[in-house]
Amino acid sequence: MRRLWLGSVSVFVLSVAGPAVAQPSPRPLVLGQPLQSSMGPEDPVLQGDDSSYELFQVQAPKGQMVTVTLTSGAFQPVVAVADEINEECEDCVASVGETDKPAVVRKIVPASGVLQVRANTMNKGDRGPYTLLATAVEPPRISARPLPFGQSVSDALDTNDAFTNEGATVDAYAVRLTADQEIQLDLSSEDFDPKLELLTPAGAKVAEDDDGGPGTSARIRYTVPRAGLYQVRVTAVGSGELGTYTLTTGLRQELAPMPAPVSINLGQAISGAMSSATPRYETDGEEVYAIRYGIRMEGGKVYKISVDVGSGSELDPKIAIGKIASDGSLDKLADNDDGGGGSNALLRYRPETSGTYVLEVQKVGRANGSYRLKVDQAAADRAPAPSQALRLGQNVPGELSDGGARLATTDALFNTYSVTLRAGQRVNVKMEKEGDSNLDPLLEIGLLTSAAFQAIAKDDDGAEGLNARIKFTAPSDGTYIIRATAGEPTQVGQYTIGVSEIPASIAPPFPARAKLGETIRGNLGATDPLRNDSQYFDRYVFNGQVGETYEITASAESFDVLVGARQIDRVDDDYVTDDDSGGGTNAKLIYTVTTAGPQIIRVTTIEESAGGDYSLLIIKR
């Protein structure tokens, strides 16, 4: 489940640069009357993320629950509600919806009888119509149901439940507690991010928690000062979360001490299994299921520690190394989860001092199963090989494997290449992994000085998937060094690397006139202008009126087509786009005009320098 309900706008728009900008005066929003409006280029934007917004004000009786719903089929809606809204919106209750799925916020009306509402887009440049609706009802009174201490209850937050003043749905339980008890309350849910609150018999809140338990579960530990009927409240982080939950009450349970580590030797393969009965300890509110091993290591030497799951095992293992802390937990020095490919763990570790170290095979998630642990001394590293010269347009194979040269800073494997470039020459440098290895390519390009390699540009995932790509403009004539690197010390694998020149882009012609309802045949290739990211494009223009909606379909057999639309007065890259909604690699964009006049359609490609024939059809809906 994608959890997009937000308890505070601070989650996404609190980092504001520059001086504060005066907000427009709020427009009236009448209870029960849907308000139709549209986000356009004339609307103000938030300084923090440049998303467009409009401000409203609604009046309702004090103490009533106002529900504000923002719906749009043109953009991902965001709605925030507060007594008074400023740019930072520190006290807002907010919600993020999806296109065609509303953002919904509930809030109790303050003594002033006024709430302010901010409707805004999720992303910079989003445009289009939307509907805003505010309704008010008398909120259900929070009533606590009896729950015997030491018992659990499974129930659900739903639309019939009461609400907090912040608009969050709440269930309440009355639990009788005894003085001097050290209690533990646990709340878990698969449907929402749970939150717990504990109130005294007099109604004062004495404890609350969000993520104190495992994962996103909530946990309260509290020593009861005096006996009485306490109230436990179950709610969610955010104002609109609903779903099932389990609440458990009881005394704090101390875990049994962890067993002493089992001694193992270098090169010895150890088989084991993890289950619900595996020993566990607690650290930072999390229970860690772990099996411990002890091994002697020499300072300065490098060790490779692998944990592979057995055939048919559902276990997701994690390996950690460190020393046992005074509280019985592991004082971790290093760890790894999936570095061995799939769910296998692989850790490369170089201890600073000699001694006995503790290895923990830990369980990630709830799945159980078998594993095999092995510790080997890593292959000795060799000195870097001379840089291999690359020609423009050439792709060559390479491999990063144990025993190769490693970076002193990250301990990752690397190879180097050289390419001679002219000042101002623009090139693409690409590194693509081969096969199903765990390699995550990382690229750097720079100069080799008398002191060291100095990177000018760097990229990790700029190409498709995990592959790396650098678009580089040579600042001067000379020979440049390309460093092909693994993202992590344990990553190995084969790859291809190449350098290609980016052709100079021709000046884009004025967009061709598009006839609505007629199929346009076109071709993308070397005679067309290039986008900054080296994709060819054609442009077309037609006239539209505010509120008109168009279906724009682009199809191609030889490349993955991308279609975009914008008003002619917008910056060139500020397009509403679609990639694959037309089926396969074809595009279908539903576009609503927000500013009357010429509208620009751009047909381009997903892949760099791809091209071929295409068809374009624009239909008014």
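So, how was this worked out
Residues numbered from 1 in each chain as written. Predicted model: local features only at pLDDT ≥ 70, side-chain atom pairs only at ≥ 80, totals over all residues. Heavy atoms only, no water. Salt bridge = Lys/Arg side-chain N within 4 Å of Asp/Glu carboxyl O. Buried < 20%, exposed > 50% of the residue type's maximum accessible area, 1.4 Å probe, protein only. Helix = DSSP H or I, 4+ residues; strand = E, 2+ residues; numbered from the N terminus. Contact = heavy atoms within 4.5 Å. Pairing = 2+ DSSP bridges. pLDDT = per-residue confidence, 0-100. 1 Å grid on protein atoms, 1.4 Å probe; cavity = no way out; pocket = protein on both sides within 12 Å on 5 of 7 lines; lining within 4 Å. Points joined across faces, edges and corners; volume = space filled by probe spheres on them.

Undergrad: Is there a simple way to explain the pattern of salt bridges in this structure?
TA: If the charged atoms of two oppositely charged side chains come close together, the side chains can form a pair. Tallied over the full model, the rule gives 28 salt bridges. In this structure, the salt-bridge partner of Glu 287 is Arg 280, at a minimum N-O distance of 3.0 Å. Residue classification places Arg 280 among the partly exposed residues on the basis of a relative accessible area of 29%. Each of Lys 304, Arg 348, Arg 350, Asp 381, Asp 402, Arg 406 and Asp 411 takes part in salt bridges that share partners, so that together they form one network.

Undergrad: Would you take a moment to explain the environment of Arg 296 for this structure?
TA: Among the structural elements, Arg 296 can be located in strand E24 (residues 286-297). Along the chain, Arg 296 and Asp 211 lie 85 residues apart, while their C-alpha atoms are 37 Å from each other. In contact with Arg 296, other than residues within four places in its own chain, are Ser 354, Gly 355 and Thr 356.

Undergrad: Would you take a moment to explain the pairing of strand E25 (residues 303-309) for this structure?
TA: Two faces, one strand: in a regular strand the side chains alternate between the faces of the sheet. Here E25 runs beside strand E28 (residues 345-349); their pairing, made up of five bridges, is antiparallel. Following the sheet pairing, Ser 306 is matched in E28 by Leu 346. In terms of strand pairing, E25 meets strand E30 (residues 369-377) through seven bridges, oriented antiparallel. Looking across to E30, one finds that Val 307 is bridged to Leu 373.

Undergrad: How should the pairing of strand E44 (residues 561-567) be read in this particular structure?
TA: Of all seven residues that make up E44, seven are buried, and the element is covered over most of its length. Judged by which residues are buried, E44 turns out to be covered on both faces: Val 561, Val 563, Ala 565 and Gln 567 on one side and Leu 562, Gly 564 and Arg 566 on the other are all buried. Relative to strand E47 (residues 597-605), E44 runs antiparallel, the two sharing seven bridges. When the bridges of E47 are listed, Val 563 appears paired with Val 603.

Undergrad: Hey, could you run me through the confidence of the model for the protein chain in this one?
TA: Low pLDDT means the predicted coordinates in that region are not meant to be read closely. For the protein chain, the mean per-residue pLDDT works out to 88, and 94% of the residues sit at or above 70. Low pLDDT, under 50, characterises residues 1-21; the predicted model gives this stretch 60 contacts beyond four residues in sequence or across chains.

Undergrad: Which parts of the structure should I look at to understand unusual backbone geometry?
TA: Phi at Asp 180 is positive, roughly 70 degrees, even though this residue is not glycine. Structurally, the position occupied by Asp 180 is in the loop between strand E14 (169-177) and strand E15 (182-188). At Asp 411, a residue that is not glycine, the phi angle is positive and equals roughly 70 degrees. Structurally, Asp 411 is set in the loop between strand E32 (394-400) and strand E33 (414-421). On the basis of relative accessible area, Asp 411 is assigned to the buried category, the value being 17%.

Undergrad: Mind showing me how you'd approach empty space enclosed by the protein here?
TA: Any empty space left between atoms is shown by rolling a water-sized probe over those atoms. Counting across every chain of the model gives one cavity of 30 Å³ or more. If you add up the space inside the largest cavity, you get close to 40 Å³. Listed by contribution, the elements that provide at least two residues to the lining of the largest cavity are E32 and E33.

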